[in-house]
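Working through the structure, step by step
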Amino acid sequence: MTAMPTVSLATLALADSRFPGGGHAHSGGLEEAVHRGTVSGPEQLAEFLHGRLHGAGAQTAVFAAAAAHAAARGVRPDHWSLLDAELEARTPSPAQRAASRAQGRGTLRSGRAAWPSRALDELLATTGSPHHPIVVGVLLGAGASASPTDAASVVAYLSVSGPASAAVRLLGLDPFAANAAVTALRADTERIAAEAARTAGHRPENLPGASSPALDLLAEQHQRHHREEVRLFAS
Amino acid sequence: MQAEHQHHVHGQNGHRHPVDFDPTAAGPDPFAPAASGSRPVRIGIGGPVGSGKTALTAALCRTLGSELELAVVTNDIYTTEDADFLRQAGVLDPGRIEAVQTGACPHTAIRDDITANLDAVERLQQRYASLDLVLVESGGDNLTAVFSRGLADVQVFVVDVAGGDKVPRKGGPGVTTADLLVVNKVDLAERVGADMAVMLADAHRMRGELAVLAQSLTEDPAASATADWVRRQVAEHRAAVGPSAE
C-alpha cells in the first residue's frame with residue numbers, strides 16, 4: 001500500500017450526505033437521545049458520536065471491509081447470504097436491522113444506476129434486501145475502485161455524519177460545531193477502518209462482533225415512540 | 001438456521017429468490033422499470049404549509065376511490081399526522097395509506113433523495129397489484145419545493161388565497177413548473193382581501209400554457225375540477241404505456 005492512496009470518486013460519492021440512498025431520514029438513535037435530553041448541545045453530541053463510532057460504526061466497518069474484499073476477489077453468490085446473515089446476527093435490535101436494510105435497499109437502488117456489477121446483481125438476488133454496509137462494500141469492491149479500508153471508512157464516517165446532521169436539524173445546533181465533532185474523530189475512524197481491513201478476509205462467521213446495548217435500546221425506544229407521538233426520523 | 005434466516009428476510013420483503021449456487025446465473029430483477037405500463041401513474045401534491053394539500057387528497061380519495069384503484073403516500077413532517085387524518089376521514093382503506101419519515105426535510109424526501117417515497121410506493125404496489133393511481137402528498141414546504149420526476153409523473157402545486165394574492169407572482173419552481181396549479185380556498189378571498197382576478201392572471205402569466213384551477217372545498221367538497229384533471233392524467237398514462245400488463 002502506498003503512503004498516500006488516491007481516493008476514488010465512488011468513495012467520495014458514497015460518503016457524501018447528498019448521495020440519494022435514503023440516509024437523510026435516519027438519525028441513528030440521535031432523535032431518541034434528544035427526546036430524552038441525553039443530547040442537548042455540542043459536548044453531548046461529541047460523546048454520542050464517539051460511542052456510535054465505536055459501536056455501530058466499528059461493526060458496520062467490519063462488514064463493509066469484508067464485502068469489499070469478497071467482491072474484489074470474486075465469490076460465489078451464496079457468500080452474500082452468509083455475510084448478510086452474520087451481520088444480522090450481530091445486530092440484536094430489530095429496529096436497527098430494519099433501518100440498515102432500508103438504507104441498504106436505497107443505496108442498492110442508487111448504486112445499480114451508478115456502478116452496476118455482477119456482484120451487485122448476485123447480492124440482490126441472494127439477499128433480496130441486503131444490509132447497508134454490505135451494499136457499500138460490494139459497490140466499492142466490485143469495480144475494484146476502492147479498498148476494504150475505503151469501504152470501512154465510508155460506513156464508519158456515515159455512522160457519525162448522519163446523527164451529526166440530525167442534531168443540527170433537531171436542536172438547531174451550530175453546524176460548525178457539529179461538523180467539528182465529526183472531524184475530531186479522525187484518529188478513531190482511521191483506526192477502526194484499518195482494523196476492519198485486517199479482518200476483511202476472514203470467513204463471515206469469524207468476523208468480529210461489536211456490541212452497543214445503549215444504541216440498541218435507543219433504536220427500540222424510537223420505534224415505540226413512533227406509534228405514540230411525533231418522530232421526524234425513521235431511526 | 002441459515003435457511004430459516006433467509007426465509008424470514010424474504011418473507012419480510014414479500015418476494016423470494018431461491019439461492020442459486022451457479023455463479024453465472026443472474027437473478028430476477030425485483031425493481032420495477034422506471035416507466036412501465038404495469039405500474040400506476042404517480043401524482044405528486046405539493047405546496048406550502050396549510051394550503052390544503054391533505055384536504056385535497058382526502059377529497060380526491062372520496063371522489064375517485066370508487067372508480068379507480070388508488071393509494072396514498074403522505075410526507076407530513078409530523079409523520080403520521082396526515083395519514084391519521086386520512087384514516088379517520090374514512091376515505092380510504094388504511095392499508096392503502098403509507099406514511100414516510102422525512103428527517104425534518106420534506107423537500108429532500110420528494111426531490112433530492114426519493115428513496116423512502118419510492119419504497120413506500122413499491123410497498124403499496126406489492127400490496128395492491130392493480131393500482132391505477134398513487135397520490136404522493138408532500139409535507140408542507142416552501143415555494144421552491146418540487147417533486148423529482150423520478151418520483152412523480154405529474155405534479156399538482158396547491159396554494160391558497162389566505163397565503164396572500166402575491167404568491168403566484170412570487171413564482172418559484174412550484175408555481176411555475178407544476179403540471180397543475182390549484183388556487184385553493186377561493187371562498188375566503190373576500191375575507192382575506194385577496195384579489196382573485198389578479199391572482200389568477202398572475203398565475204397564468206407565470207405559467208404560460210400550464211393549467212390553473214381555482215378551488216373551494218367548502219363549496220365543492222368533491223374537488224370536481226381537480227378530480228377531472230386527475231382522471232385525464234390516468235387516462236393519458238394508460239394510453240401512453242398501452243394496456244396494463246397485470
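For clarity, every value in this text was computed on a predicted model and none was experimentally measured.

How each quantity is defined
Residues numbered from 1 in each chain as written. Chains lettered and ligands numbered in written order. Predicted model: local features only at pLDDT ≥ 70, side-chain atom pairs only at ≥ 80, totals over all residues. Heavy atoms only, no water. Helix = DSSP H or I, 4+ residues; strand = E, 2+ residues; numbered from the N terminus. Areas by Shrake-Rupley, 256 points an atom, 1.4 Å probe, with all protein chains shown as cover. Pairing = 2+ DSSP bridges. Axes fitted to C-alpha atoms, helices over the stretch in contact; angles between N-to-C directions. Contact = heavy atoms within 4.5 Å. Polar contact = N/O pair within 3.5 Å; in protein donor to acceptor, adjacent residues only side chain to side chain. Buried < 20%, exposed > 50% of the residue type's maximum accessible area, 1.4 Å probe, protein only. Lys, Arg positive; Asp, Glu negative; His and termini not counted. Salt bridge = Lys/Arg side-chain N within 4 Å of Asp/Glu carboxyl O. UniProt positions renumbered as here; feature names shortened; annotations may be inferred. Parallel < 35°, antiparallel > 145°, perpendicular 65-115°, else oblique. Left-handed = near helix turned anticlockwise from the far one by under 90°.

Some points on the overall build of chain B
In terms of regular secondary structure, chain B is built from ten helices and seven strands. Summing over all exposed atoms, chain B offers an accessible surface of approximately 10800 Å²; the carbon and sulfur share of this is 54%.

Topic: the sheet that holds strand 2 (residues 70–74) of chain B
Residue and element names in this part refer to chain B. Spatially, seven strands are ordered 3-2-4-1-5-6-7 in an open sheet, and the strand pairing comes out parallel. A single partner strand is all that each edge strand has here, and the edge strands are strand 3 (97–99) and strand 7 (211–214). Neighbour-to-neighbour, the strand axes of this sheet turn through a mean angle of 20°, independent of strand direction. Taken together, the three bridges between strand 2 and strand 3 define a ladder with parallel strand orientation. Following the sheet pairing, Val72 is matched in strand 3 by Ile97. Contacts between helix 10 (residues 224–241) and the sheet are confined to strand 1 (41–46), strand 4 (133–137), strand 5 (154–160), strand 6 (180–184) and strand 7, with strand 1 contributing the most and set at about 145° to the helix.

Examining the environment of B:Asp160
Residue and element names in this part refer to chain B. For Asp160, the position within the fold is in strand 5. Considered as a pair, Asp160 and Ala194 are 34 residues apart in the sequence and their alpha carbons are 9.8 Å apart. Each residue touching Asp160, except ones within four places of it in the same chain, is listed here: Gly50, Ser51, Asn184, Lys185 and Met199. Within the local environment of Asp160, its side chain forms a polar contact with the backbone nitrogen of Ala162, the two atoms lying 3.2 Å apart.

Considering the pairing of strand 6 of chain B
Residues and elements named next belong to chain B. The buried count for strand 6 comes to five of five residues, which makes it a mostly enclosed element. Burial of strand 6 is two-sided: the residues Leu180, Val182 and Asn184 facing one way and the residues Leu181 and Val183 facing the other way are all buried. Here strand 6 runs beside strand 7; their pairing, made up of four bridges, is parallel. Across the sheet, residue Val182 finds its bridge partner in strand 7, namely Leu213.

A few points about the side chain of B:Asp165
Residue and element names in this part refer to chain B. Turning to its location among the elements, Asp165 is positioned in the loop between strand 5 and helix 6 (167–170). Buried charged residue Asp165 carries no salt bridge. Nearest counter-charge: Arg169, at 5.0 Å. When residues no more than four places from it in sequence are discounted, the contact partners of Asp165 are Gly193, Ala194, Asp195, Met199 and Asp202.

Focus on the UniProt feature "binding site: GTP" (unreviewed entry) in chain B
Residues and elements named next belong to chain B. Per the UniProt record, "binding site: GTP" (unreviewed entry) is annotated on Gly47, Pro48, Val49, Gly50, Ser51, Gly52, Lys53 and Thr54. By the element assignment, Val49 lies in the loop between strand 1 and helix 2 (53–64). Since its relative accessible area comes to 66%, Val49 is described here as exposed. If near-sequence neighbours (up to four positions away) are discounted, Val49 is found in contact with Gly140 and Asp141. Positionally, Lys53 belongs in helix 2. Sequence-distant contacts of Lys53, that is, excluding residues within four places in its chain, are made with Ile45, Gly46, Gly47, Pro48, Glu137, Ser138, Gly139, Gly140 and Val158.

Notes on the packing of helix 3 (residues 42–73) of chain A against helix 10 (residues 186–198) of chain A
Residue and element names in this part refer to chain A. Contact geometry for helix 3 and helix 10: axes closest at 8 Å, N-to-C directions at 30°. Our classification of the angle between helix 3 and helix 10 gives roughly parallel. Remark: the crossing between helix 3 and helix 10 carries right-handed chirality. Contacts from His50, Leu53, His54, Gly57, Ala58, Ala61, Val62 and Ala65 of helix 3 reach helix 10 at Asp188, Thr189, Arg191, Ile192, Ala196 and Ala197.

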